[in-house]
Amino acid sequence: MKNIAHWLGLLSAVTRLLLAALVAASGLIMPSTLPINSVGAMPLAVVSLLQWWRVRAMKRVSDEASAGIVLNPLHRVDIATSAAMSVTGATLLFGASMRVFVEGTPVFG
């Protein structure tokens, strides 16, 4: 169960990091929107880094604690949280990539 939570957490962090990179790079389409897209990418990158930190912290808790019934509810909550964040990140990444690659416009602006 902890492996599922770990991989879902990594997936959610990667989708947010890709989204931040896409938002920052999309400002190159129209240079006048580069500042707003750069600023818009920063909170997404911070969220991604916080998710990386959460995954590492949960892995450390799982490794140091004795494997037992006490951690099962924690893993279930972590799986649900990571799955929701992964779906949200993938949806935002899909919408942003459609805007950039299909419409040819930056994400913000």
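Below: a short report on this structure. Since this is a predicted model, take the numbers as computed values, not measurements.

Take the overall build of the chain next. Each helix and strand counted, the chain has 3 helices and 0 strands in total. In sequence order, the chain lays out its α and β elements as α-α-α. Rg of the C-alpha trace for the chain: 17 Å, well past the compact-globule value of 13 Å for 109 residues, more than 25% over. Considered along the principal axes of its C-alpha atoms, the chain spans approximately 55 × 20 × 15 Å. In the chain, the share of contacts with a sequence separation of at least 24, taken over all contacts with a separation of at least 6, comes to 76%. Accessible area for the chain stands at about 6600 Å²; split by element, carbon and sulfur atoms hold 76% of it.

Moving on, we get to helix 2 (residues 34-64). In this model helix 2 runs 45 Å from its N-terminal to its C-terminal C-alpha over 31 residues, within 8% of the 45 Å that 1.5 Å per residue would give. Residues of helix 2 that are buried include every one of N37, G40, A41, L44, S48, Q51, R54, V55, M58 and S62, and no others. Contacts from the buried residues of helix 2 go to helix 1 (2-26) and helix 3 (72-102).

Think of an α-helix as 3.6 residues a turn; residues three or four steps apart then line up on the same face. Given a rise of 1.5 Å per residue, 25 residues ought to cover 36 Å, and the 36 Å separating the end C-alpha atoms of helix 1 matches this to within 8%. Residues of helix 1 that are buried include every one of A5, G9, L10, S12, A13, T15, R16, L19, A20, L22, V23 and S26, and no others. Close packing links the buried residues of helix 1 with helix 2 and helix 3.

Attention now goes to the packing of helix 1 against helix 3. One can describe the packing of helix 1 onto helix 3 by two numbers: an axis separation of 8 Å at closest approach and a directional angle of 25°. Considering their axes alone, helix 1 and helix 3 lie roughly parallel with respect to each other. Our pair here, helix 1 against helix 3, has a crossing hand that is left-handed. Each residue belonging to the contact of helix 1 with helix 3 can be placed in one class, and the counts come to 16 nonpolar, 10 polar and 3 charged.

What follows concerns the nonpolar core. L19, A20, L22, V23, A41, L44, L93, A96, V100 and V107 form the largest nonpolar core, which has 10 residues in total. Elements supplying a minimum of two residues to this core: helix 1, helix 2 and helix 3. Here this core gets 4 residues from one element, more than from any other, and that element is helix 1. Contact partners of V23, with chain neighbours within four places excluded, come to N37, G40, A41, L44, V107 and F108.

What counts, and at which threshold
- Residue positions are given per chain, counted from 1 along the sequence in the order it is written.
- In keeping with the model being predicted, local features are shown solely for residues with a pLDDT of at least 70 and side-chain atom pairs are shown and tallied solely at 80 or more, while totals for entire chains, interfaces and linings include all residues.
- Excluded from the side-chain calculation are hydrogens and water; included are all heavy atoms of the structure.
- Secondary structure follows DSSP: runs of H or I at least 4 residues long count as helices, runs of E at least 2 residues long count as strands, and numbering of each begins at the N terminus.
- The reference for a compact globule is 2.2 Å times residues^0.38; the radius of gyration itself is calculated from the C-alpha atoms.
- Throughout, a residue-residue contact means that at least one pair of heavy atoms, one from each residue, lies within 4.5 Å.
- Each accessible area is a Shrake-Rupley result for a 1.4 Å probe, and residues are judged covered by the shown protein chains and nothing else.
- To estimate how far a helix should reach, multiply one less than its number of residues by 1.5 Å.
- Accessible area is worked out with a 1.4 Å probe on protein chains only. A residue is then buried under 20% of its type maximum, exposed over 50%, and partly exposed in between.
- In this description, a line fitted to the C-alpha atoms serves as the axis of each element, helices being fitted only across the stretch in contact, and the angle between N-to-C directions of two axes falls anywhere from 0 to 180 degrees.
- Convention used here: angles under 35 degrees read as roughly parallel, angles over 145 as roughly antiparallel, angles from 65 to 115 as roughly perpendicular, and any remaining angle as oblique.
- A crossing counts as left-handed when the near helix is turned anticlockwise from the far one by less than a right angle, and as right-handed when that turn is clockwise.
- For this scheme, ten residues count as nonpolar: Ala, Val, Leu, Ile, Met, Phe, Trp, Tyr, Cys and Pro. Four count as charged, namely Asp, Glu, Lys and Arg, and the remainder, Gly too, count as polar.
- Buried Ala, Val, Leu, Ile, Met, Phe, Trp, Tyr and Cys residues that are joined via side-chain atoms within 4.5 Å together make up what is termed a nonpolar core.

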